[in-house]
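Spelled out from the first residue to the last, the chains are:
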Amino acid sequence: MKNIAKASPTTPAADSLHPALNRNIDAILQRRRKAADTAGLQERAAAAISRFAGSMAFVYIHIVLYGLWIIANTNLIPGMPVWDPSLVILAMAASVEAIFLSTFVLINQNRMAAEDDLRADLDLQVSLLNEHETTRLIAMVEAIAKKLEVPTEADDEVEELKRDVAPEAVLDRLEAKEGG
């Protein structure tokens, strides 16, 4: 594997990707592996059960098992004793299975929601940093334009554009709009 620390913007990247993009991909994959490695046995079990329950193999197994159960208990197989003529046992087993499966799925969804919250926080931080850097660039370009005495179409908007966005003010405004 290529050493990321030695990569530079002038070095051709593997698979024609920019080195910074490769570094970001590697960092994300490393973070996912770390999260998977630190997951407890119960979380890994719930994730594995949810993955299997969401597969076509799971569907096929249930079609076969429930189909055979129904066929056997409706006297369609000669000589086979009927043990659940009203299919109540099958309904109970399916209900209990559904309870457990929905619990495993909810556990897995809770874990995924926590990961989504972390990604949303990262997105917000990157967006705020980008906005701050853009604001600083606008101020620098305005200073250069003034120094060179170059008028621009944006002169009327520059003062507003140079101001950083206050995330608290945006959130307060959103909450006020939602509340009333």
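The following refers to the structure shown.

Cut-offs used in this document
Residues numbered from 1 in each chain as written. Predicted model: local features only at pLDDT ≥ 70, side-chain atom pairs only at ≥ 80, totals over all residues. Heavy atoms only, no water. Helix = DSSP H or I, 4+ residues; strand = E, 2+ residues; numbered from the N terminus. Rg over C-alpha atoms; globule rule 2.2 N^0.38 Å. Buried < 20%, exposed > 50% of the residue type's maximum accessible area, 1.4 Å probe, protein only. Contact = heavy atoms within 4.5 Å. Areas by Shrake-Rupley, 256 points an atom, 1.4 Å probe, with all protein chains shown as cover. Patch = residues over 30% accessible without salt bridge, like charges linked within 9 Å, V, L, I, M, F, W, Y side chains within 5 Å. Salt bridge = Lys/Arg side-chain N within 4 Å of Asp/Glu carboxyl O. Expected span 1.5 Å × (residues − 1).

### Some points on the overall build of the chain
Moving on, step 1. A count of helical and extended segments in the chain gives six helices and zero strands.
Moving on, step 2. Taken from N to C terminus, the helices and strands of the chain fall in the order α-α-α-α-α-α.
Moving on, step 3. Relative to the globule expectation of 16 Å for 180 residues, the C-alpha radius of gyration of the chain, 30 Å, shows a markedly less compact shape.
Moving on, step 4. Projecting the C-alpha coordinates of the chain onto the three principal axes gives extents of approximately 100 × 55 × 30 Å.
Moving on, step 5. When burial is assessed residue by residue, the chain has 11% of its 180 residues classed as buried.
Moving on, step 6. If you take every contact in the chain between residues at least 6 apart in sequence, the share linking residues at least 24 apart comes to 41%.
Moving on, step 7. Summed over its atoms, the accessible surface of the chain is roughly 14,500 Å², and 65% of this surface lies on carbon and sulfur atoms.

### Details of a nonpolar patch on the surface
Moving on, step 1. On the surface, M80, W83, I89, M92, V96, I99 and F100 cluster together into a nonpolar patch covering about 680 Å² of accessible area.
Moving on, step 2. Relative to the assigned elements, I89 resides in helix 4 (residues 88-147).
Moving on, step 3. According to the relative accessible area criterion, I89 is partly exposed, its value standing at 37%.

### Here's the deal with unusual backbone geometry
Moving on, step 1. The phi dihedral of L87 is positive, around 60°, even though this residue is not glycine.
Moving on, step 2. Tracing the backbone through its elements, the reader meets L87 in the loop between helix 3 (56-72) and helix 4.
Moving on, step 3. Phi is positive for E149, which is not a glycine, with a value near 55°.
Moving on, step 4. Structurally, E149 is set in the loop between helix 4 and helix 5 (158-161).
Moving on, step 5. The exposure class assigned to E149 is exposed, which follows from its relative accessible area of 69%.

### Quick look at helix 4
Moving on, step 1. Helix length check: helix 4, at 60 residues, gives a terminal C-alpha distance of 86 Å against a target of 88 Å (1.5 Å per residue), a fit within 8%.
Moving on, step 2. Within helix 4, the full set of buried residues consists of L90, L101, N108, T135, E142 and A145.
Moving on, step 3. As for helix 4, its buried residues are in contact with helix 2 (41-53), helix 3 and helix 5.
Moving on, step 4. Looking at the residues trailing helix 4, positive phi occurs at E149, about 55°.

### Notes on the side chain of N108
Moving on, step 1. Structurally, N108 is set in helix 4.
Moving on, step 2. For N108, the contacting residues outside a window of four places in its chain are A47 and S50.

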